[in-house]
Amino acid sequence: MILHLDMDYFFAQVEERENPRFKGEPLVVGSDPKGGEARGVVSTANYEARKFGISSGMAISKAYKLCPKAIYLPVNKNLYSRVSESIFRIMETVSDKCERVSFDEAYLDLSRVAKNYSQAEKIGRDLKEMILRKEKLTSSVGIGKNKMIAKIASEEDKPDGLTVVRPGETIGFISKKSVRDIPGIGPKTEKELEHILGKSDLKVKDLKRLSMDQLVNDFGKRGADIYKKARGKDDSRVKTKTETKSLGRETTFDKNTTDPEVIISTFKSLSKEVVDLAREEERNIKTIVTVCRFEGFDSYTKQISFKPKKPTRDLVYGEGVKLLLDLLTQKARPVRLLGVRVIFVKSKNR
DNA sequence: AATTCATTATCAC
DNA sequence: CTAACGGTGATAATGAATT
């Protein structure tokens, strides 16, 4: 028995709470639109802004065109992080089997704490109530027999919703949903599935026409996953703690650049950030990856592996620039984005 | 033959 | 007219290089 909780339009809702004058006005949290010239994206928009067609992930320049008079706020990560921590602590009082997915999303395994779905529902209501009381924020909850069902259920009735899907209702619940509602099926996979089935606007029930064999053939491991999910099955566990496997920083320039001074100094500061953060992990690294996106949006990576070493600035910057210079001389084109990432060595015992 | 490395693709939020 | 489009991290596929 799994519960999924998703905060409603989280960043924007927090900003409304901090400044109630924003309520009722279209509000967009994301990068500075700079009069429509900026290259960032929308993080979260409140419902008033969504009426203009603005949504998460959209280019901020497009959002600005759709609604220049909206209130545009920068992403105040520290604030959301504090609120997030408080919400997770509330959730963890209900069950310590809690998986934090992002700032505003988490799963709880209720198998040990609820005898039946009615009890689970009560827990869901209580959770929403506690969060509202403590943080003055609304959330949406879904409960189902596995993580996938719980997640889709939490989307069902937002904002401020609570949906319980009992095991017997599972198939009926998902069959009419779009294939895009299945976590793990993104735009590319949807397109490919449409091509295979010769039909657009695919529903979950349509997927049942595809055999396990065919799906595995076409999509590998993910195909097997799709086969099961189309039948309401998902045996992934709620995982409470996971260790960081990699850590990186990247940045997009305001304008594409060919200036070596700018490129190198930017890379240097990205490297410094990565090293400072990697140090806190107190673990060795085994790979350094540099990323470069050029004018035209095509991206390339170059990486180097070695015997486990401490993440020092000399190492990460030193090896990193070599990789970067390789990419730059190979392409010799204006640069849009630069990034650097380190991959940690797996630590022993778990 | 098995494992690791390098690179790209896809996805989620 | 169309495209516009961040940052962080995970996982998988594939082919080459190593062990």
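About the cut-offs
- Residues numbered from 1 in each chain as written.
- Chains lettered and ligands numbered in written order.
- Predicted model: local features only at pLDDT ≥ 70, side-chain atom pairs only at ≥ 80, totals over all residues.
- Heavy atoms only, no water.
- Near = heavy atom within 4 Å.
- Polar contact = N/O pair within 3.5 Å; in protein donor to acceptor, adjacent residues only side chain to side chain.
- Nonpolar A, V, L, I, M, F, W, Y, C, P; charged D, E, K, R; others polar.
- Pairing = 2+ DSSP bridges.
- Helix = DSSP H or I, 4+ residues; strand = E, 2+ residues; numbered from the N terminus.
- Axes fitted to C-alpha atoms, helices over the stretch in contact; angles between N-to-C directions.
- Contact = heavy atoms within 4.5 Å.

Participant: Explain the protein's contact with DNA strand B here, please?
Facilitator: Not every one of the 19 residues close to DNA strand B is listed here, only the nearest: Lys151, Gly184, Thr189, Gln303 and Ser305. Put simply, 87% of the atoms of DNA strand B that lie within 4 Å of the protein are in sugar or phosphate. The side chain of Glu105 places a nitrogen or oxygen atom 3.4 Å from a sugar or linking oxygen of DNA strand B. Grouping the amino acids of the surface near DNA strand B by side-chain chemistry returns six nonpolar, seven polar and six charged.

Participant: Teacher, can you tell me more about the sheet that holds strand 6 (residues 105–109) here?
Facilitator: Backbone hydrogen bonds hold the strands of a sheet together, and the pairing may be parallel or antiparallel. Taken in spatial order, the five strands make up an open sheet running 5-6-1-7-8, and their pairing is mixed. The open sheet is flanked by strand 5 (98–102) and strand 8 (162–164), the only strands paired with a single partner. Averaged over neighbouring strand pairs, the angle between their axes works out to 15° when direction is ignored. In this structure, strand 1 (residues 2–7) lies alongside strand 7 (residues 139–144), joined through six bridges in antiparallel fashion. Paired with Met7 across the two strands is Ser139, which belongs to strand 7. In the packing of helix 4 (residues 77–94) onto the sheet, contacts are made with strand 1, strand 5 and strand 6, and the angle to strand 5 comes to roughly 155°. Packing against the sheet, helix 5 (residues 117–135) makes contact with strand 1, strand 6, strand 7 and strand 8, and its axis sits at approximately 165° to strand 7.

Participant: Explain unusual backbone geometry to me, please; I cannot follow it from the model alone.
Facilitator: In this chain, Lys158 is followed by Pro159 through a cis amide linkage whose omega measures 0°. Assignment of secondary structure puts Pro159 in the loop between helix 6 (147–156) and strand 8. Of note in the backbone geometry, Ala332 takes a positive phi value of approximately 50° without being a glycine. Mapped onto the elements, Ala332 comes out in the loop between helix 12 (313–331) and strand 12 (335–344).

Participant: How should the protein's contact with DNA strand C be read in this particular structure?
Facilitator: Every one of the 21 residues lining DNA strand C counts as a neighbour, but Arg39, Lys221, Gly248, Thr252 and Arg336 are closest to it. Counting only atoms of DNA strand C within 4 Å of the protein, the fraction found in sugar and phosphate groups is 76%. Between a phosphate oxygen of DNA strand C and a main-chain N or O atom of Lys245, the distance comes to 3.2 Å. The contact in question runs from a phosphate oxygen of DNA strand C to an N or O atom on the backbone of Glu250, over 2.7 Å. At the level of secondary structure, the elements contributing two or more residues to the surface near DNA strand C comprise helix 3 (60–66), strand 9 (246–257) and strand 12. Among the elements that take part in the surface near DNA strand C, strand 9 stands out by supplying seven residues, more than any other. Here the surface near DNA strand C is built from residues that sort into five nonpolar, seven polar and nine charged.

So far we have only geometry, and geometry alone does not tell us how the molecule works.
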